[in-house]
Amino acid sequence: MCGTLRRSCRKAVPAAPPPAPSAAPIAPATASPTAASTAESQATQPTPSPPEPSEPPSPSPKPAAAESPSQASKPAASTAESQATQPTPSPPEPPSPSPKPAAAESPSQASEPAASAAKSQVAEPAPSSSQPTSPTSQPEASCYPRESHVLTDSPPSPSPPSPAPPSPPPPSPEAPSPTSRFVILGDFGVDTAPELSVSTMIDAWDAQERLMGVLTTGDNNYYYGDNYTMEANVGKYYHQYIYPYYNFTSPPLYTGAPDGVNRFFPTPGNHDWGRNTLAPYLKYFPGANNSYFYSVKLGASVEAFLLDSCSQQNTVTRLGNSPNSTQGNWLRNALAASSAPWKLVLFHHPPWSSGDHQNNPYMDWPFFAWGAHAVINGHDHSYERLMRTVDSCTALPYIVNGAGGIALRSFKTVQAGSVSRLLEWGAQLVTANATSLRMDFYAASNRTVRDSVTLTKDGSNPCGFTAFPPSPPPSPRPPSPRPPSPAPPPPPV
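Residues numbered from 1 in each chain as written. Predicted model: local features only at pLDDT ≥ 70, side-chain atom pairs only at ≥ 80, totals over all residues. Heavy atoms only, no water.

**Some thoughts on the overall build of the protein chain**
Item 1. When you go through the protein chain residue by residue, the secondary structure sums to ten helices and 14 strands.
Item 2. For the protein chain, the proportion of its 493 residues judged to be buried stands at 42%.
Item 3. Restricting the contact set of the protein chain to residue pairs at least 6 apart, pairs at least 24 apart contribute 67%.
Item 4. For the protein chain, the accessible area works out to roughly 26100 Å², and carbon and sulfur atoms hold 59% of it. (Helix = DSSP H or I, 4+ residues; strand = E, 2+ residues; numbered from the N terminus. Buried < 20%, exposed > 50% of the residue type's maximum accessible area, 1.4 Å probe, protein only. Contact = heavy atoms within 4.5 Å. Areas by Shrake-Rupley, 256 points an atom, 1.4 Å probe, with all protein chains shown as cover.)

**Quick word on the packing of helix H5 (residues 193–208) against helix H6 (residues 230–238)**
Item 1. Viewed as axis vectors pointing N to C, H5 and H6 meet at an angle of 30 degrees, and their least axial separation amounts to 10 Å. When the interaxial angle is binned, H5 and H6 end up roughly parallel. When you trace H5 past H6, the crossing you get is right-handed. Contacts between H5 and H6 involve Glu195, Leu196, Val198, Ser199 and Ile202 on the former and, on the latter, Asn233, Tyr237 and Tyr238.
Item 2. Residue classes in the contact of H5 with H6 are distributed as five nonpolar, two polar and one charged. (Axes fitted to C-alpha atoms, helices over the stretch in contact; angles between N-to-C directions. Parallel < 35°, antiparallel > 145°, perpendicular 65-115°, else oblique. Left-handed = near helix turned anticlockwise from the far one by under 90°. Nonpolar A, V, L, I, M, F, W, Y, C, P; charged D, E, K, R; others polar.)

**A closer look at the packing of aromatic side chains**
How two aromatic rings sit relative to each other is set out by the distance from centre to centre and by the angle between their planes.
Item 1. With the rule as written, the count across this model stands at 21 aromatic pairs.
Item 2. Every member of this aromatic cluster is reached through a ring pair, and the members are Phe188, Tyr238, Tyr241, Tyr245, Tyr246, Phe248, Tyr254, Phe264, Tyr281, Tyr284 and Phe285.
Item 3. Directly above the ring of Trp352 sits Arg388, whose terminal nitrogen or CZ lies 3.8 Å from the centroid.
Item 4. Geometry around Trp342 places Lys457 over its ring, the cationic atom sitting 4.2 Å from the centre. (Phe/Tyr/Trp six-rings, centres within 6.5 Å; stacked < 30°, edge-to-face > 60°. Lys NZ or Arg CZ within 6 Å of the ring centre and 35° of its normal.)

**What about the state of the cysteines?**
Two cysteines form a disulfide when their sulfur atoms are joined by a covalent bond.
Item 1. Under the counting rule described, the total for this entry stands at one disulfide.
Item 2. A disulfide bridge connects Cys393 with Cys463, and the sulfur atoms are separated by 1.9 Å. Given an S-S torsion of about 95 degrees, the disulfide between Cys393 and Cys463 has right-handed geometry. Here Cys393 is found in strand S9 (residues 393–401), whereas its partner Cys463 is found in the loop between strand S13 (448–457) and strand S14 (465–468), with 70 residues between them in sequence.
Item 3. When its relative accessible area of 7% is taken as the criterion, Cys463 is described as buried. (Disulfide = S-S within 2.5 Å.)

**Concerning helix H9 (residues 326–337)**
Item 1. The end-to-end C-alpha distance of H9, which contains twelve residues, comes to 17 Å, matching closely the 16 Å that a straight helix rising 1.5 Å per residue would cover.
Item 2. Every buried residue of H9 is accounted for by Gln327, Gly328, Leu331, Ala334 and Leu335. Buried residues of H9, seen end-on, are gathered within an arc of 130 degrees and therefore sit on one face of the element. Those residues of H9 that are exposed and aimed more than 90 degrees away from the buried face are Asn333, Ala336 and Ala337. (Expected span 1.5 Å × (residues − 1). Arc of directions from axis to C-beta.)

**Looking at H6**
Item 1. Taken across its nine residues, H6 has seven buried, putting it largely inside the fold.
Item 2. Those residues of H6 that sit buried are Met230, Glu231, Asn233, Val234, Gly235, Tyr237 and Tyr238.

**Description of the environment of Ser301**
Item 1. Relative to the helices and strands, Ser301 resides in the loop between strand S4 (294–298) and strand S5 (302–306).
Item 2. Along the chain, Ser301 and Ser436 lie 135 residues apart, while their C-alpha atoms are 9.0 Å from each other.

**A word on the environment of Ala407**
Item 1. Position of Ala407 among the secondary structure elements: in the loop between S9 and strand S10 (418–422).
Item 2. A sequence separation of 215 residues divides Ala407 from Thr192, and the C-alpha atoms of the two residues are 9.2 Å apart.
Item 3. Setting aside residues no more than four positions away along its own chain, Ala407 makes contact with His381 and Trp425.

**Observations regarding unusual backbone geometry**
Item 1. The omega torsion of the bond from Tyr243 to Pro244 falls at -10 degrees, within 30 degrees of zero and hence cis.
Item 2. Mapped onto the fold, Pro244 is located in the loop between H6 and strand S3 (264–265).
Item 3. Cis geometry marks the peptide bond from Ser250 to Pro251; its omega dihedral reads 0 degrees.
Item 4. Inspection of the secondary structure assignment puts Pro251 in the loop between H6 and S3.
Item 5. Phi is positive for Asn276, close to 65 degrees, though the residue is something other than glycine.
Item 6. On the secondary structure map, Asn276 appears in the loop between S3 and helix H7 (279–284).
Item 7. Under the relative-accessibility criterion, Asn276 is labelled partly exposed at 47%.

**Some points on the side chain of Gln327**
Item 1. Note that Gln327 resides in helix H9.
Item 2. Each residue touching Gln327, except ones within four places of it in the same chain, is listed here: Phe293, Leu307, Asp308, Gln313, Leu319, Gly320, Asn321 and Trp365.

**Some points on the side chain of Ser353**
Item 1. Note that Ser353 resides in the loop between strand S6 (342–346) and helix H10 (367–370).
Item 2. Here the side chain of Ser353 touches Asp380 through a polar contact of 2.4 Å, side chain to side chain.
Item 3. Excluding anything up to four places from it in sequence, Ser353 contacts Gln358, Asn359, Asp380, Glu384, Val400, Thr413 and Gln415. (Polar contact = N/O pair within 3.5 Å; in protein donor to acceptor, adjacent residues only side chain to side chain.)

**Some words on the sheet that holds strand S11 (residues 426–432)**
Item 1. The sheet built from seven strands is open, its strands ordered S3-S2-S1-S11-S12-S13-S14 with mixed pairing. For this open sheet the edge positions go to S3 and S14, each flanked by a neighbour on one side alone.
Item 2. As paired elements, strand S1 (residues 180–185) and S11 share five bridges and run antiparallel to each other. Of the residues in S11, the one forming a bridge with Ser180 is Ala432. (Pairing = 2+ DSSP bridges.)

**What to know about the sheet that holds S6**
Item 1. In spatial order, the strands read S4-S5-S6-S7-S9-S8-S10; together these seven strands make up an open sheet with mixed pairing. Two strands bound the open sheet, and with one partner strand each, they are S4 and S10. Strand-to-strand twist in this sheet, taken as the mean axis angle between neighbours without regard to direction, amounts to 20 degrees.
Item 2. Pairing of S4 with S5, which is carried by five bridges, proceeds in the antiparallel orientation. Bridge pairing in S5 places Val296 opposite Ala304.
Item 3. Along the sheet, H9 contacts S4, S5 and S6; its crossing angle with S5, the most-contacted strand, is approximately 175 degrees.

Structure (structure tokens):
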């Protein structure tokens, strides 16, 4: 039978019609011998669906087809018989005298691989977006080229196992919250040795780690807020934090912040309004944004709201200094709109103070109900920290910070909630992140912490935070004095 097949194939070679056109070009006659064995291998292994049109078969790494002409005829005949008995889903071959689509033999070795390569190209058309796929075919899920299987006497070696996917990297540790770091001082602008001592301490903090801001609680320019005293009272000590810098002198004495960034944010005090105008203050301090009240963000953790508590807000600007005034409504809305973890309110006149000026009840606004976490003031020339009970919160910090350089004044009546009172020049260094806020008052004389309070977020606390050190319990009432003992009876006569 094999001899018959060979004769019929030889007779058909001269009269064979040209192959049907295909989507892929016919391989040249000089193709590698391995192409023939690849085509034979694919023909002997039936598949339930046509091969994927996306990629042509890749050459086999084993050149098994490079045999002598006599040896190559055996696989060709075997292939022809296998095709006669096993159906194949490939498209029908063009009509030929032989019923079996075997590769035509040729005396020359080069013609056999060429015919086999041509047959392979016809069986596997080039990719086409319009070619329908078999309903039973499945997409190939590999991104690697398909292997070419070569028929040999020994079974094919198993393919190496796929490498295990790399283990996912361990989760990165949570990055710490960015830290806000800034300074608060008050009642300082008087050009004295204590002001120099305080400002030198602040400069040292800034050299150690850049401060985000220098905030004040008022009375920046004693005694009347004049323009001709601004350079000596403020610029001499703090010009390096102010930009752009407005010089009231000619020639100019200072040029302002060397990096071109303003970091000085004041609030007005009664001495800044000394001439019943705030014009020099508004012209000199760009941080005030040409406004009597404003807010400033100090990093991602703190937003400060700076107000004007002076009486001129009622008599001059008509913006008011009550909770229902224009200024009060602005603060309520600004606190509600802020997403900062910590919100501080600064102004000059303290609602509660044990100092020389005592309380200013008109500034006792509902700060806690509006969302503030601490209230910081000046006006009294001393330092005091009060932990007041406001609504459900039993430890809201009210701090008087008016010891930035002016002459100190003694305390008078001690107010409820007062936990620390100091007659020392100094300033507060504030550090905060998303979960805690710490306020330290440093004495400028020896640069040591003289008072400190830390607020830590605590959803179970009515304040929304826990204060440390905790507020001391109220002192017990002293026992009533015992009534005087009755006088002894006179001795008998």
